[in-house]
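Next come the chains, spelled out residue by residue.
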Amino acid sequence: MLEQLHNHITKELEQNTKTDTIFILTSIVLNLITLAVNSGMIEKSRTEQSALMVMFIFVVLIIVVNLVVIIGLLKGRQTRVKLTNGLIQMYRDQNVSKYYDETLLGNYNVRYNLFLMVVVCTGLIASVVPFIMR
């Protein structure tokens, strides 16, 4: 039974990683595409109000998607901590905890903070740069 629980927790961790990857890639790709689209609309937005409105709509989209991604990553971090703590406790109970370096938890937190920074920075750049260039 213990082996099945271990397999279940490690599969959950793998799924968590895949979900986080999808969130991050979605955000970055959307931010870069929106940056390109809004940058391409700069000239037109100087003379047409509708083009300016479209640019603002894309910024709202960036904000909404990035908020969803940030919340998803924060929940992903919480899930990873809980699952990893469960594994560590299981390892302690089986007297094999010396093989798992608990400083990895800190490394995971740093990684999540870096991912969040990338999402926020690309979102800010995609939102602000076209309007500065305008």
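Please refer to the structure placed before this passage.
The text that follows walks through the structure, step by step, so that each part is easy to find. Just so it is clear, the model here is predicted, and its values are computed rather than measured.

Details of the overall build of the protein
- Helices and strands together make up the secondary structure of the protein, namely four helices and zero strands.
- Counting helices and strands in the order they occur from the N terminus, the protein gives α-α-α-α.
- Over its C-alpha atoms the protein spans a radius of gyration of 21 Å, topping by over 25% the 14 Å that the globule rule assigns to 134 residues.
- With the C-alpha coordinates aligned to their principal axes, the bounding extent of the protein is approximately 70 × 25 × 15 Å.
- Sorting the 134 residues of the protein into buried and exposed places 31% on the buried side.
- For the protein, contacts bridging at least 24 residues in sequence account for 81% of all contacts bridging at least 6.
- Surface exposure of the protein reaches about 8,500 Å², of which carbon and sulfur atoms provide 68%.
- For the protein, the distance from the average site of its 12 positive side-chain charges to the average site of its 9 negative ones is 5 Å.

Some points on the nonpolar core
- Core analysis: the biggest nonpolar cluster contains nine residues, these being I9, L13, L83, L87, I88, M90, Y91, Y100 and L105.
- Elements with a contribution of two residues or more to this core: helix 1 (2-40) and helix 3 (49-93).
- Take this core: its biggest share by element is five residues, from helix 3.
- Not counting chain neighbours up to four residues away, the residues in contact with L83 comprise I9, E12 and L13.
- I24, V65, V69 and L73 belong to the second largest nonpolar core, which has eight residues in total.

With respect to the environment of N38
- With respect to the helices and strands, N38 occurs in helix 1.
- By relative accessible area, which is 0% here, N38 ends up buried.
- On a C-alpha basis, the gap between N38 and A51 in space is 9.0 Å, while along the polypeptide they are 13 residues apart.
- Those residues in contact with N38 that sit more than four places away from it in its chain are M55, F58, V59, A126 and P130.

Observations regarding the packing of aromatic side chains
- One pass over the full model with this rule turns up three aromatic pairs.
- Geometrically, the ring pair formed by Y112 and F115 is edge-to-face, given 6.5 Å between the ring centres and 75 degrees between the ring planes. Of this pair, Y112 and F115 both sit in helix 4 (residues 104-133), three residues apart, which is roughly one turn of that helix.
- Judged by relative accessible area, which is 1%, Y112 ranks as buried.
- In this arrangement the basic side chain of R80 is found over the ring face of Y108, its NZ or CZ atom lying 4.8 Å from the centre.

Rules used in this analysis
- In every chain, residue numbers begin from 1 and rise along the written sequence.
- With the structure being a predicted model, the display of local features is reserved for residues of pLDDT at least 70 and the display and counting of side-chain atom pairs for 80 or more, all residues being used for whole-chain, interface and lining totals.
- Only heavy atoms go into the side-chain values, all of them from the structure, while hydrogens and water stay out.
- Numbering of helices and strands runs from the N terminus, with a helix taken as a DSSP run of H or I at least four residues long and a strand as a DSSP run of E at least two residues long.
- As a reference, a globule follows 2.2 Å times the number of residues to the power 0.38, and the radius of gyration itself is taken over C-alpha atoms.
- Remark: exposure states derive from per-residue accessible area (1.4 Å probe, protein chains only) relative to the maximum for the residue type, with buried under 20%, exposed over 50%, and partly exposed in between.
- Residue contacts are defined here by distance: any two heavy atoms, one from each residue, within 4.5 Å place the two residues in contact.
- Using a 1.4 Å probe, accessible areas were evaluated by the Shrake-Rupley method; residue-level cover was limited to the displayed protein chains.
- The convention is simple: Lys and Arg are positive, Asp and Glu are negative, and His and the chain ends are not counted.
- To locate a charge, take atom NZ for lysine, CZ for arginine, CG for aspartate or CD for glutamate.
- Residues enter a nonpolar core if they are buried and are Ala, Val, Leu, Ile, Met, Phe, Trp, Tyr or Cys, with the set joined through side-chain atoms within 4.5 Å.
- Between rings of Phe, Tyr and Trp, where Trp is taken as its six-membered ring, a pair exists when centres lie within 6.5 Å; planes separated by under 30 degrees are stacked, by over 60 edge-to-face, and by other angles tilted.
- In this analysis the charged atom, NZ for Lys or CZ for Arg, is taken to sit over a ring once it is within 6 Å of the ring centre and within 35 degrees of the ring normal.

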